[in-house]
Amino acid sequence: MRHKVISHFPNVAYNVVAIAASKGGLKAISKILSALPDDFPAAIVIVQHSSPHYPSYLAEIFSRRTALRVKQAEQGELLRPGTVYTPVPNKHLLVNLDGTVSLSDTPKVNFVRPAADKLFASVAATFQSRAIAVVLTGKDSDGALGILAIKKYGGTVIAQDEASCECFSMPKSAIDTGKVDFVFPLDAIASTLVNLVMTEKIEQFIGALRSDELLKG
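Calculation rules
Residues numbered from 1 in each chain as written. Predicted model: local features only at pLDDT ≥ 70, side-chain atom pairs only at ≥ 80, totals over all residues. Heavy atoms only, no water. Helix = DSSP H or I, 4+ residues; strand = E, 2+ residues; numbered from the N terminus. Expected span 1.5 Å × (residues − 1). Buried < 20%, exposed > 50% of the residue type's maximum accessible area, 1.4 Å probe, protein only. Core = buried A, V, L, I, M, F, W, Y, C linked by side-chain atoms within 4.5 Å. Contact = heavy atoms within 4.5 Å.

Peer 1: Any details on helix 4 (residues 116-127)? Residues and values, ideally.
Peer 2: Helix length check: helix 4 (twelve residues) gives 16 Å between terminal C-alpha atoms against 16 Å at 1.5 Å per residue, within 8%. Every buried residue of helix 4 is listed here: Ala-116, Asp-117, Leu-119, Phe-120, Ser-122, Val-123, Ala-124, Thr-126 and Phe-127. A positive backbone phi angle near 50° is found at Gln-128, which sits one or two residues after helix 4.

Structure below.
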């Protein structure tokens, strides 16, 4: 099943980046998305805590800040590379084992819906070692349990550092689990994602060039 899920993704080290944020998250996520290249080959799935009583304009806001395609997640759609998916207010955002999106009305987790814990756990089960979780500025501890699932399946976890956070509670809770791989200032997260996701692609490209040179020689 896992091979079916990733078969429509390019052969890069990671297929999905799940980003979670709360207070201060709009600015933080915008900064990361604006620094990613238009050929970034992973899907990006976002949980940003917001009011459940108003429509979300995250897709419109982020689309003005990034070269990537941005859309609000829809029930049943298949995650695609190079696409940013924003949450639906008052719905948990999950990724099914077949790589499709699920919007759920199940109870709140850590008093929030959508919850990063739910997103991270579903992404971990589906993409396993090809998943990256990013915990950004925000209140409370949402995401900490979810990164345990990310690490259980061999994925990678990044947390924003205290100095660049508007609110350090979410990243601190993640870091306190002892399972975070990298703690970086906000300015360094986009370049880290590019290096992690695109390394395998670059190595294969260099390998192909070397093979061509040997054949020509």
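Peer 1: Break down the nonpolar core for me, citing the residues and quoting the values.
Peer 2: Ranked by internal contacts, the top residues of the largest apolar core, which has 32 residues, are Val-17, Phe-40, Ile-44, Leu-136 and Leu-193. Breaking this core down by element, the ones donating at least two residues are strand 1 (16-21), helix 2 (25-34), strand 2 (43-48), helix 3 (58-63), strand 7 (131-135) and helix 7 (186-216). Considering every element that reaches this core, the biggest residue donor is helix 7, with seven residues. If we skip the residues at most four places from it in the chain, Val-17 touches Phe-40, Ala-42, Ala-43, Ile-44, Val-45, Ile-132, Val-134, Leu-193 and Val-197. Of all hydrophobic cores here, the second largest spans 30 residues; its members include Ala-43, Tyr-85, Ile-147 and Met-170.

Peer 1: Give me the lowdown on the environment of Gln-75, citing residues and values where you can.
Peer 2: Relative to the helices and strands, Gln-75 resides in the loop between strand 3 (69-72) and strand 4 (83-86). It is 7.8 Å that separates the C-alpha atoms of Gln-75 and Thr-100, two residues lying 25 residues apart in sequence.

Peer 1: Pulling in residues and values, what's your account of unusual backbone geometry?
Peer 2: With an omega of 10°, the peptide bond between Arg-113 and Pro-114 qualifies as cis. Counting through the fold element by element, Pro-114 comes out in the loop between strand 6 (101-104) and helix 4. Residue Phe-111 is not a glycine yet carries a positive backbone phi of 70°. Tracing the sequence through the fold places Phe-111 in the loop between strand 6 and helix 4. The phi dihedral of Gln-128 is positive, around 50°, even though this residue is not glycine. Within the element layout of this structure, Gln-128 appears in the loop between helix 4 and strand 7. Owing to a relative accessible area of 26%, Gln-128 belongs among the partly exposed residues under this scheme.

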